[in-house]
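# Structural description and commentary
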Amino acid sequence: MIISPCISICKSDPVTGLCYGCGRTNDEKRKWKDENTSDEWKVKNLKEIKNRLSGWQLGSFKESYNNKIKEGVSLFKKAQKK
């Protein structure tokens, strides 16, 4: 199972249409939720996401996504629980 790249910062850039948190389009978000979407597509999309993010945004995404994989919760959600 591939973990969703959502890191709970769900705001879209009005110019690009990309989510500030995960860098996905709305279509990509829908496809991730579709039970028929293959793991192969998800792995490819994760690579695309990382390629379209840069600087602090990429660093923040990687750190939070890795935490979500390890602990089951993004850093943003973890901070909200405190």
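These remarks concern the structure in this document.

Rules used throughout
- Residues numbered from 1 in each chain as written.
- Predicted model: local features only at pLDDT ≥ 70, side-chain atom pairs only at ≥ 80, totals over all residues.
- Heavy atoms only, no water.
- Phe/Tyr/Trp six-rings, centres within 6.5 Å; stacked < 30°, edge-to-face > 60°.
- Helix = DSSP H or I, 4+ residues; strand = E, 2+ residues; numbered from the N terminus.
- Expected span 1.5 Å × (residues − 1).
- Contact = heavy atoms within 4.5 Å.
- Patch = residues over 30% accessible without salt bridge, like charges linked within 9 Å, V, L, I, M, F, W, Y side chains within 5 Å.
- Areas by Shrake-Rupley, 256 points an atom, 1.4 Å probe, with all protein chains shown as cover.
- Salt bridge = Lys/Arg side-chain N within 4 Å of Asp/Glu carboxyl O.
- Core = buried A, V, L, I, M, F, W, Y, C linked by side-chain atoms within 4.5 Å.
- Buried < 20%, exposed > 50% of the residue type's maximum accessible area, 1.4 Å probe, protein only.
- Disulfide = S-S within 2.5 Å.

## Looking at the packing of aromatic side chains
Under the criterion given, the structure shown has two aromatic pairs. Centre to centre, the rings of Trp 32 and Trp 41 are 6.3 Å apart; their planes meet at 65°, and the pair counts as edge-to-face.

## Focus on the environment of Thr 25
Within the secondary structure, Thr 25 is located in the segment before helix H1 (26-33). As for Thr 25 and Ile 49, which are separated by 24 residues in sequence, their C-alpha atoms are 9.6 Å apart.

## Some thoughts on helix H3 (residues 55-71)
The terminal C-alpha atoms of H3 lie 24 Å apart, and with 17 residues this matches the ideal 24 Å at 1.5 Å per residue to within 8%. Against the buried residues of H3 lie helix H2 (39-52) and helix H4 (75-81). Two residues or fewer after H3 comes Gly 72, characterised by a positive phi angle close to 85°.

## Some points on a nonpolar patch on the surface
A contiguous nonpolar patch, built from Ile 9, Tyr 20 and Phe 76 and spanning about 250 Å² of accessible area, is present on the exposed surface. Position of Phe 76 among the secondary structure elements: in helix H4.

## Description of the nonpolar core
Within the largest apolar cluster, ten residues are counted, these being Ile 7, Cys 19, Cys 22, Trp 32, Leu 46, Ile 49, Leu 53, Leu 58, Phe 61 and Tyr 65. With three residues, H3 is the largest single contributor of residues to this core. Not counting the four nearest positions on each side in its chain, Cys 19 is found in contact with Ile 9, Cys 10, Lys 11, Ser 12, Arg 24, Lys 29 and Gln 57.

## Section: unusual backbone geometry
The general pattern is negative phi for most residues beyond glycine and trans for most peptide bonds. Of note, Ser 8 is a non-glycine position whose phi angle comes to about 70°, a positive value. Topologically, Ser 8 is positioned in the segment before H1.

## Quick notes on the state of the cysteines
According to the stated counting rule, one finds zero disulfides in the structure shown. Take Cys 19: it sits in no disulfide, and the sulfur closest to it among the cysteines is that of Cys 22, at 3.8 Å.

On their own, these measurements won't tell you what the molecule is for.
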